[in-house]
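These are the residues of each chain, in order.
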Amino acid sequence: MWLPLHTVCLRRQTVCRRSFVGAFLKSTRRHRGDAAACAFSHSAGLGAQTCKALLYRKHGDPSQVVQLENIDLPTVGAKDVLVKMLAAPINPSDINMIQGTYAILPDLPAVGGNEGVAQVVEVGSQVKSLKTGDWVIPKDAGLGTWRTEAVLSEHDVITLPNDIPLLAAATLGVNPCTAFRMLSDFEDLKPGDSVIQNAANSGVGQAVIQIAAARGINTINVVRDRPEFTQLSDRLKAIGATHVIKEEALRRPEIKDLFKTCPRPKLALNGVGGKSATELLRHLQFGGSMVTYGGMSKQPVTVPVSALIFKDVKVRGFWVTQWKKDHSNDGRAFRAMLDELCDLIKQGKLTAPVCTEVGLQDYSKALDTAMKPLISAKQVLML
């Protein structure tokens, strides 16, 4: 989600309350070019051992402020686990955090990355819910996943089955969860109903297509024009898209022909903002909802008065980080959602977005690529 938000850091909430982040960074040493893996043994006395991490000590251009460094690992406490990070994607929200423009910001210095999958390699003496070999993902934003190892509280992670594809596990905690909740929480969608979305080739967009298809829901998928539009359209249809159209098609009379075979959507999902969001609203059926989860155009959402008066549309917002926080005291909803998503993965109905696997030492190139427009492949750091 490319959100041009300039807000005060919520130092006492969610990300900023992660006191262990500072513990990792008390004694850091700049990376001196060695590409070896973190030198530590899975035994007692880990406090003197180090691992590699992508740190930023100030906000700014990721290519300028992110550095590969060695940081100390704290000792594994009674309720902690030592994990080996396996893979971690670079998401737009990660970039926004580094730039200092996201809604929540960690204390600096901070390790980048909010999503990824790790394997438990050691557990504390009082850990009950995890065991060695388990795959885990963060329960919330702010853990700093762009590193080779970490010592985390048992309660900061949640298990995934380790028989699903690695990239699917690494990219499960943000985009598929966002797609799942938006398809579940705002309109009572039945098989045969329709959803319209922009940014359809994004990570969220691809998850929306697949989850909707598994539920028998039509998707009208809007993407920006590009030289390889036909190839992109074919790829989205291959994963379940009902219709794939260009942005400008929303403003043409021919769009009415589409609704002769496909019902007008009950739900519109907006990850772009600006004119694109306004056009989505125009095509909602009476009483439908538009849910905004991102703003890649960095333009405000303009709601036509006629849509509010004559179509009684509802305009909502969604942020998966807030949803996780709201459900943090009772993990059953998050657990049930992950279980359903993993079942779809095992059935072949939900796959990871197109990914480019990048070694940690090539992080600078990966960051630059992640910030380019019209890039469909998600950059994933292989750790």
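Because the structure is a prediction, the values reported are computed rather than measured. (Residues numbered from 1 in each chain as written. Predicted model: local features only at pLDDT ≥ 70, side-chain atom pairs only at ≥ 80, totals over all residues. Heavy atoms only, no water.)

Remarks on the overall build of the chain
- Within the chain, the regular secondary structure consists of 13 helices and 17 strands.
- Among the 383 residues that make up the chain, the fraction classed as buried is 55%.
- Sequence separation of 24 or more characterises 72% of the internal contacts of the chain that already satisfy a separation of 6 or more.
- Carbon and sulfur atoms make up 52% of the accessible area of the chain, which totals about 16300 Å². (Helix = DSSP H or I, 4+ residues; strand = E, 2+ residues; numbered from the N terminus. Buried < 20%, exposed > 50% of the residue type's maximum accessible area, 1.4 Å probe, protein only. Contact = heavy atoms within 4.5 Å. Areas by Shrake-Rupley, 256 points an atom, 1.4 Å probe, with all protein chains shown as cover.)

Thoughts on the packing of helix H5 (residues 175–185) against helix H6 (residues 203–214)
- Between H5 and H6, the shortest axis-to-axis distance is 8 Å and the interhelical angle comes to 50°. Classified by the angle their axes make, H5 and H6 are oblique. Relative to H6, H5 is oriented so that their crossing is right-handed. Side by side, H5 and H6 meet where Asn175, Pro176, Thr178, Ala179, Phe180, Met182 and Leu183 of the first sit next to Gly203, Val204, Ala207, Val208, Ile211 and Ala212 of the second.
- Considering only residue class, the contact of H5 with H6 consists of ten nonpolar, three polar and no charged. (Axes fitted to C-alpha atoms, helices over the stretch in contact; angles between N-to-C directions. Parallel < 35°, antiparallel > 145°, perpendicular 65-115°, else oblique. Left-handed = near helix turned anticlockwise from the far one by under 90°. Nonpolar A, V, L, I, M, F, W, Y, C, P; charged D, E, K, R; others polar.)

Considering the pairing of strand E2 (residues 50–56)
- Within E2, seven of the seven residues are buried, which leaves it mostly tucked inside the rest of the structure.
- Neither face of E2 is exposed, since Thr50, Lys52, Leu54 and Tyr56 on one face and Cys51, Ala53 and Leu55 on the opposite face are all buried.
- Bridge analysis of E2 against strand E3 (residues 66–72) gives seven bridges, and the strand direction is antiparallel. When the sheet's bridge partners are listed, cysteine 51 is paired in E3 with isoleucine 71.
- With two bridges joining them, E2 and strand E5 (residues 110–111) adopt antiparallel strand pairing. Paired with leucine 55 across the strands is valine 111, a residue of E5. (Pairing = 2+ DSSP bridges.)

Considering the nonpolar core
- Membership of the largest hydrophobic core comes to 45 residues, with the highest contact counts inside it found for Met182, Leu183, Ile211, Leu267, Leu269, Leu338 and Leu341.
- Looking at this core, the elements with two or more residues in it are strand E7 (135–138), strand E9 (157–160), helix H4 (166–170), H5, H6, strand E13 (267–270), helix H11 (320–326) and helix H12 (332–346).
- Here this core gets seven residues from one element, more than from any other, and that element is H12.
- Once residues within four sequence positions are removed from consideration, isoleucine 211 is found in contact with Pro176, Ala179, Phe180, Leu183, Leu341, Leu344 and Leu350.
- Leu68, Val120, Val136 and Leu367 belong to the second largest nonpolar core, which has 35 residues in total. (Core = buried A, V, L, I, M, F, W, Y, C linked by side-chain atoms within 4.5 Å.)

Let's talk about the side chain of arginine 147
- Looking at the element boundaries, arginine 147 is found in the loop between E7 and strand E8 (149–153).
- Buried arginine 147, no salt bridge; nearest opposite-charge side chain is glutamate 149, N-O distance 8.7 Å. (Lys, Arg positive; Asp, Glu negative; His and termini not counted. Salt bridge = Lys/Arg side-chain N within 4 Å of Asp/Glu carboxyl O.)

Comments concerning the pattern of salt bridges
- Enumeration over the complete set of coordinates arrives at 13 salt bridges.
- Here arginine 282 ties to glutamate 279 by a salt bridge, and the two come within 3.6 Å at their closest N and O atoms. Here glutamate 279 and arginine 282 lie together in helix H9 (residues 274–282), a separation of three residues that amounts to about one turn.

Some points on the packing of aromatic side chains
- By the definition in use, this model includes three aromatic pairs.
- Sitting over the ring of phenylalanine 229, lysine 246 keeps its end group 4.9 Å from the ring centre. (Phe/Tyr/Trp six-rings, centres within 6.5 Å; stacked < 30°, edge-to-face > 60°. Lys NZ or Arg CZ within 6 Å of the ring centre and 35° of its normal.)

Section: the sheet that holds strand E12 (residues 243–246)
- Ordered in space as E12-E11-E10-E13-E14-E15, the six strands form an open sheet in which the pairing is parallel. Taken across any chain shown, the strands that pair with only one partner, and hence form the sheet edges, are E12 and strand E15 (314–317). Going from strand to strand, the sheet's axes swing by 20° on average, the running direction of each strand aside.
- Taken together, the four bridges between strand E11 (residues 218–223) and E12 define a ladder with parallel strand orientation. Paired with valine 223 across the two strands is lysine 246, which belongs to E12.

What about empty space enclosed by the protein?
- Scanning all chains against the criterion turns up four cavities of 30 Å³ or more.
- In this model, the largest cavity occupies a volume close to 160 Å³.
- If you go around the largest cavity, you meet 15 residues; those closest to its centre are Asn114, Ala141, Val174, Thr321 and Lys324.
- Elements with a contribution of two residues or more to the lining of the largest cavity: E7 and H11.
- Top element by residues in the lining of the largest cavity is H11. It accounts for three residues.
- Among the residues making up the lining of the largest cavity, the classes are represented as seven nonpolar, five polar and three charged. (1 Å grid on protein atoms, 1.4 Å probe; cavity = no way out; pocket = protein on both sides within 12 Å on 5 of 7 lines; lining within 4 Å. Points joined across faces, edges and corners; volume = space filled by probe spheres on them.)

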